[in-house]
Amino acid sequence: MTNENCIFCKIAKGEIPAKIEYQDEDIIAFHDITPQAPLHLLVIPKTHIASANEINSENSRFLSKIFETIPKLTKSFGVNEKGYRVVNNCGDHGGQTVHHIHFHVLGGRHLAWPPG
Ligand code: AMP
Ligand code: ZN
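Residues numbered from 1 in each chain as written. Chains lettered and ligands numbered in written order. Predicted model: local features only at pLDDT ≥ 70, side-chain atom pairs only at ≥ 80, totals over all residues. Heavy atoms only, no water.

Per an unreviewed UniProt entry, the recorded name for the protein chain is Histidine triad nucleotide-binding protein, and the organism is Leptospira idonii.

S.K.: Looking at this model, I keep getting lost on the coordination of the zinc ion (ligand 2). Mind explaining?
M.R.: Note on metal sites: the ideal angle is 109.5 degrees for four tetrahedral donors, and 90 or 180 degrees for six octahedral donors. Coordination of the zinc ion (ligand 2) by the protein involves Cys6 (SG), Cys9 (SG), His48 (ND1) and His100 (ND1), with metal-donor separations of 2.1 to 2.3 Å. Around the zinc ion (ligand 2) sit four donor atoms; with metal-centred angles ranging over 105 to 116°, the donor geometry is tetrahedral. Donor residues for the zinc ion (ligand 2), ordered by position in the chain, follow C-x2-C-x38-H-x51-H. Taken as a pair, His48 in the loop between β3 (39-45) and α2 (60-76) and His100 in the loop between α3 (91-94) and β5 (103-107) lie far apart in primary sequence, 52 residues in all. Both residues of the pair, His48 and His100, belong to the buried class. (Donors = N, O, S within 2.8 Å, 3.2 Å for Na, K, Ca; no water. Tetrahedral: all angles 85-135°; square planar, octahedral: opposite > 155°, others 65-115°. Helix = DSSP H or I, 4+ residues; strand = E, 2+ residues; numbered from the N terminus. Buried < 20%, exposed > 50% of the residue type's maximum accessible area, 1.4 Å probe, protein only.)

S.K.: Explain the side chain of Thr74 here, please?
M.R.: With respect to the secondary-structure elements, Thr74 resides in helix α2. Taking relative accessible area as the criterion, Thr74 reaches 0% and is therefore assigned buried. A polar contact is formed between the side chain of Thr74 and the backbone oxygen of Pro71, at a distance of 3.2 Å. In contact with Thr74, other than residues within four places in its own chain, are Val79, Asn80, Tyr84 and Val105. (Polar contact = N/O pair within 3.5 Å; in protein donor to acceptor, adjacent residues only side chain to side chain. Contact = heavy atoms within 4.5 Å.)

S.K.: What is the right way to read the site of ligand 1 from this model?
M.R.: Around ligand 1 lies a shell of 16 residues, among which Asp32, Asn89, Thr97, His102 and His104 are the nearest. Within the backbone of Gly95, a nitrogen or oxygen atom sits 3.0 Å from an oxygen atom of ligand 1. Measuring from an oxygen atom of ligand 1, one finds a backbone N or O atom of Thr97 at 2.7 Å. Compared with its free state, where it exposes 510 Å², ligand 1 has 84% of that area covered by protein. Counting residues per element, the ones that place at least two in the shell around ligand 1 are α1 (7-12) and β2 (27-31). No other element matches α1, which puts three residues into the shell around ligand 1. In the shell around ligand 1, the residues fall into seven nonpolar, eight polar and one charged. (Near = heavy atom within 4 Å. Areas by Shrake-Rupley, 256 points an atom, 1.4 Å probe, with all protein chains shown as cover. Nonpolar A, V, L, I, M, F, W, Y, C, P; charged D, E, K, R; others polar.)

S.K.: I'm lost on the packing of aromatic side chains in this one. Help?
M.R.: Two aromatic rings, taken as a pair, are described by how far apart their centres are and by the angle between their planes. Under the definition given, this model contains two aromatic pairs. Ring geometry for Phe8 against Phe30: centres 5.4 Å apart, planes inclined by 75°, an arrangement best described as edge-to-face. One end of the pair, Phe8, is in helix α1; the other, Phe30, is in strand β2, with 22 residues separating them in the sequence. Residue class for Phe30 comes out buried when judged on its relative accessible area of 2%. Centre to centre, the rings of Phe67 and Phe103 are 5.2 Å apart; their planes meet at 75°, and the pair counts as edge-to-face. Here Phe67, found in helix α2, pairs with Phe103, found in strand β5; they are 36 residues apart in sequence, far enough to count as distant. Phe67 sits in the partly exposed class, given a relative accessible area of 42%. (Phe/Tyr/Trp six-rings, centres within 6.5 Å; stacked < 30°, edge-to-face > 60°.)

Right, here's the structure in full:
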C-alpha cells in the first residue's frame, strides 16, 4: 500500500532520491536529510503505515524486520559497541512530521536524556 502524497512512499518507490544504505522487498534504510548525529538513518517499511498507532497483526512483521536490520546497520557503521538510539516519533506531541512510520537510528556521539 502506498500513499501518493507521502514523501517516504516516494523514496521507497525510487521516485525521489535518498542516500540508501539498505533495502529489500519490505523495508528501506536511508540517511536523514537533516542529520542530528554523525550517523542518522531512517528505517521504514515500504508499505505506508502512518504511525505507530497503525501497527497491527497484519503489518507488525515489517517492524520485526526493521529491528532485525538495525543492529546490522549500526554494526556496519561501527557504532554498536558505544551504542546508539532508536527513536519513533508518533503524532503531534511526539514530534512526528512525516506521516509514514519511521525509526530514527542515531549514533556516533553521546546523546542526552531526557529529550526536550
Ligand atoms: P519525524 O519528525 O520523526 O517525523 O522525522 C522526519 C524526518 O524525516 C526528519 O528528521 C527529516 O529530516 C527527515 N526527512 C524529511 N524529508 C526527507 C527526505 N527527503 N530524505 C531524508 N530524510 C528526510
Ligand atoms: Zn508513505
